[in-house]
Amino acid sequence: MTIRTSSLPRRGGGLALLLLPVLLLARTAAAAGAAASEFDDGTSPKFPGCDNTLQKVKVTYWVGGDEQDSLTGISARFGAVLPDTAGEKKPAVQPDPKVGCAKSSKPLAGSVAVADRGECTFIEKAKTAEAGGATALLIVNEEDALQKMVCTDKDPPPNIKIPVVMVSKSAGDKIHSAMSSGNKVDILMYAPQKPPFDGAIPFLWMMAVGTVACASVWTFAVVGEEPKKNDAALEAEENPADAEVVELKTTTALVFIVTSSFVLLFLFFFKSTWSAWLLVFLFCVGAIQGMEYVASSLAIRVCSRCGEAKVKLPGIGNVKVLTLVTLPLAFIFAGVWVAYQNSSFGWVGQNFMGICMMILVLQVVHMPNIKVASALLIAAFLYDIFWVFISPLIFKKSVMITVARGSDDGPSLPMVLKMPKEFDTWNGYDMIGFGDILFPGLLVAFSFRFDRIHGKGVTDGYFLFLMIGYAFGLSCTYVGLYLMNSGQPALLYLVPSTLGVISLVGAKRGELSQLWNAKS
């Protein structure tokens, strides 16, 4: 890679490059936004008594009368169909024996039986719970995943009249813990339908498009510095201390994809609380630098002399006074977000930190031409397709979507912009990964620099075309999400709408060779 210089107050070029493979993990737009029937694949046997649609179930529980955060479960192919609206909560009882394969010594009448998985079939557990008078059966899985509870061709019609639901081990442990402490636990289970309109998506779309546009023009509009033409090597020799802009090369694309794939597989097979906190730490490190950069740039834009004052610190040397003000504030903001990231307003801080980090990344990591853009975006495009659509054929489930959803324990994946679904009973989030903004954003930012260097205007340049292409591609992503009821690999739509657009427009103008070999 080539190092370029700049007089901008940029920091963290190496860190931004290090973060790019991690950001590539957060690829799937709205991975958690699938429909209530997302578990149903239609491949398991169906016959009378075992022909229910596998549904996403909302498991709400109360401990000592206090409502807790809802858990997510999956309904069985057999048993009663759950209502789509909330009904009456029932007391939770753990049968004895705990696996629920034999008649319970504890009375189950009028309760939700909470049984552990194992020792007998799901159908046998359901029949035992129903015979004991339970109104529903909640099965706790042995791992942090949801197992499809279906019938085989050899099973007789189960004829079970109570609903049967499974939750993951981590979710079930929360209920077990409350029950073992002697608290009264009540459970309510239902399968709410996805609303026809998701009001969060337009706001998420505006944030993503706005971030790409803002980051692309930041150097010119906020810092007030014009892109420079082909003098990188000379400037690097004259002032190597300021050489903090990383210019990508074609070989970098392969490194990104391979590294990201290994990290993705690691998170898929070894999901744990510590790995989630590691991603939170990396996110905070990048976000702190991003917030400090954005705040310093804006302050200098308002008061040009604010960036001149310096103080000498022992062991560090000269440090700008502005940095001594903005950096601690960024640390405090990140610390408060970590403490309250799971609160109802945590998404606001995450989005602010993420946008600042992406603005910084697009200032310190540059795409030099569309030759490099083709290598990076096509590689990322294939990466998306493989890990979302093809990986289930190898790993039995989509690796990308599984990692994006995370687990019930520990923090959620922070490398996303997200908006709460205000009209959704699930009270979940629509999300778009930082990678779906940054990777096309690198090309959009290149187009703006190319236009400025070559004296192009709005109509005869490329920036406007790419912004329209990015906005259109992101719109197609959400249309695909709605029509297919499953998480969508955004680059499936964004690569043709950005790389394809600049290639076609460049070819029509006879400037494709100039774009391919540019060194802006």
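Basis of the calculations
Residues numbered from 1 in each chain as written. Predicted model: local features only at pLDDT ≥ 70, side-chain atom pairs only at ≥ 80, totals over all residues. Heavy atoms only, no water. Helix = DSSP H or I, 4+ residues; strand = E, 2+ residues; numbered from the N terminus. Buried < 20%, exposed > 50% of the residue type's maximum accessible area, 1.4 Å probe, protein only. Contact = heavy atoms within 4.5 Å. Areas by Shrake-Rupley, 256 points an atom, 1.4 Å probe, with all protein chains shown as cover. UniProt positions renumbered as here; feature names shortened; annotations may be inferred. Patch = residues over 30% accessible without salt bridge, like charges linked within 9 Å, V, L, I, M, F, W, Y side chains within 5 Å. Salt bridge = Lys/Arg side-chain N within 4 Å of Asp/Glu carboxyl O. Core = buried A, V, L, I, M, F, W, Y, C linked by side-chain atoms within 4.5 Å. Phe/Tyr/Trp six-rings, centres within 6.5 Å; stacked < 30°, edge-to-face > 60°. Disulfide = S-S within 2.5 Å. Axes fitted to C-alpha atoms, helices over the stretch in contact; angles between N-to-C directions. Parallel < 35°, antiparallel > 145°, perpendicular 65-115°, else oblique. Nonpolar A, V, L, I, M, F, W, Y, C, P; charged D, E, K, R; others polar.

Caption draft 1: Spotlight on the overall build of the chain. Check the secondary structure of the chain and you find 15 helices and 17 strands. The buried share of the chain, taken over its 520 residues, is 53%. Considering only intrachain contacts with a sequence separation of at least 6, the fraction spanning at least 24 residues in the chain is 76%. As presented, the chain carries roughly 22800 Å² of accessible surface, and 62% of it is formed by carbon and sulfur atoms.

Caption draft 2: Structural detail: the UniProt feature "transmembrane region" (unreviewed entry) in the chain. Taken from the UniProt record, the annotation "transmembrane region" (unreviewed entry) applies to residues 203–223, 253–270, 276–300, 321–340, 346–365, 372–395, 431–450 and 462–484. What you have in residues 372–395 is 100% helix and 0% strand, and the ends, taken at the C-alpha atoms, are 31 Å apart. Within the segment residues 462–484, helix and strand shares are 96% and 0% respectively, and the terminal C-alpha atoms sit 32 Å apart.

Caption draft 3: Spotlight on a nonpolar patch on the surface. On the surface, a nonpolar cluster with roughly 870 Å² of combined accessible area is contributed by Val311, Val321, Leu324, Val325, Leu329, Ile332, Val336, Tyr340, Phe345 and Val348. The element that contributes the greatest number of residues to the nonpolar patch is helix H8 (residues 321–340), accounting for 7 residues.

Caption draft 4: View of the nonpolar core. With 87 residues, the main nonpolar core has Ile432, Leu443, Phe446, Tyr470 and Ile502 as its most contacted residues. Judged by nonpolar contacts, the second largest core, of 23 residues, contains Phe47, Leu54, Ala76 and Ile160.

Caption draft 5: Molecular detail of the environment of Lys98. Its place among the elements puts Lys98 in the loop between strand E6 (90–93) and strand E7 (112–116). Every residue in contact with Lys98, bar those within four places of it in the chain, is listed here: Val114, Ala115 and Asp116.

Caption draft 6: Seen up close, the packing of aromatic side chains. Using the criterion set out here, one finds 13 aromatic pairs in the structure. Centre to centre, the rings of Phe269 and Phe395 are 5.9 Å apart; their planes meet at 65°, and the pair counts as edge-to-face. One end of the pair, Phe269, is in helix H6 (residues 250–269); the other, Phe395, is in helix H10 (residues 370–395), with 126 residues separating them in the sequence. Assessed through its relative accessible area of 22%, Phe395 is described here as partly exposed. In this structure an aromatic cluster arises from ring pairing among Phe268, Phe269, Phe386, Trp387 and Phe395.

Caption draft 7: Summary view of unusual backbone geometry. Along the chain, Asp96 connects to Pro97 via a cis peptide bond; the corresponding omega equals 10°. Positive phi, normally seen in glycine, also occurs at Lys396, with a value near 75°. In this structure, Lys396 sits in the loop between H10 and helix H11 (399–405). For Lys396, a relative accessible area of 73% corresponds to the exposed category.

Caption draft 8: The state of the cysteines, seen in detail. Per the stated rule, a full pass over the model turns up 2 disulfides. Here Cys50 connects covalently by a disulfide to Cys151, the sulfurs 1.9 Å from one another. Taking the torsion about the S-S bond as the criterion, the Cys50 to Cys151 disulfide, at about 105°, is right-handed. You can see Cys50 sitting in the loop between strand E2 (28–29) and strand E3 (56–63) and its partner Cys151 sitting in the loop between strand E8 (136–140) and strand E9 (164–167), a full 101 residues away along the chain. In terms of burial, Cys50 and Cys151 fall into one category: buried. Between the sulfur atoms of Cys101 and its disulfide partner Cys120 the distance amounts to 2.0 Å.

Caption draft 9: Structural detail: the packing of helix H7 (residues 273–302) against helix H9 (residues 346–364). The geometry of H7 relative to H9 is characterised by a closest axis approach of 7 Å and an angle of 75° between their N-to-C directions. In terms of orientation, H7 lies roughly perpendicular with respect to H9. For the pair formed by H7 and H9, the contact residues are Phe283, Cys284, Gly286, Ala287, Gln289, Gly290, Met291, Tyr293 and Val294 on the first element and Gln350, Phe352, Met353, Gly354, Cys356, Met357, Ile359, Leu360 and Gln363 on the second. Counted by class, the contact of H7 with H9 contains 12 nonpolar, 6 polar and no charged residues.

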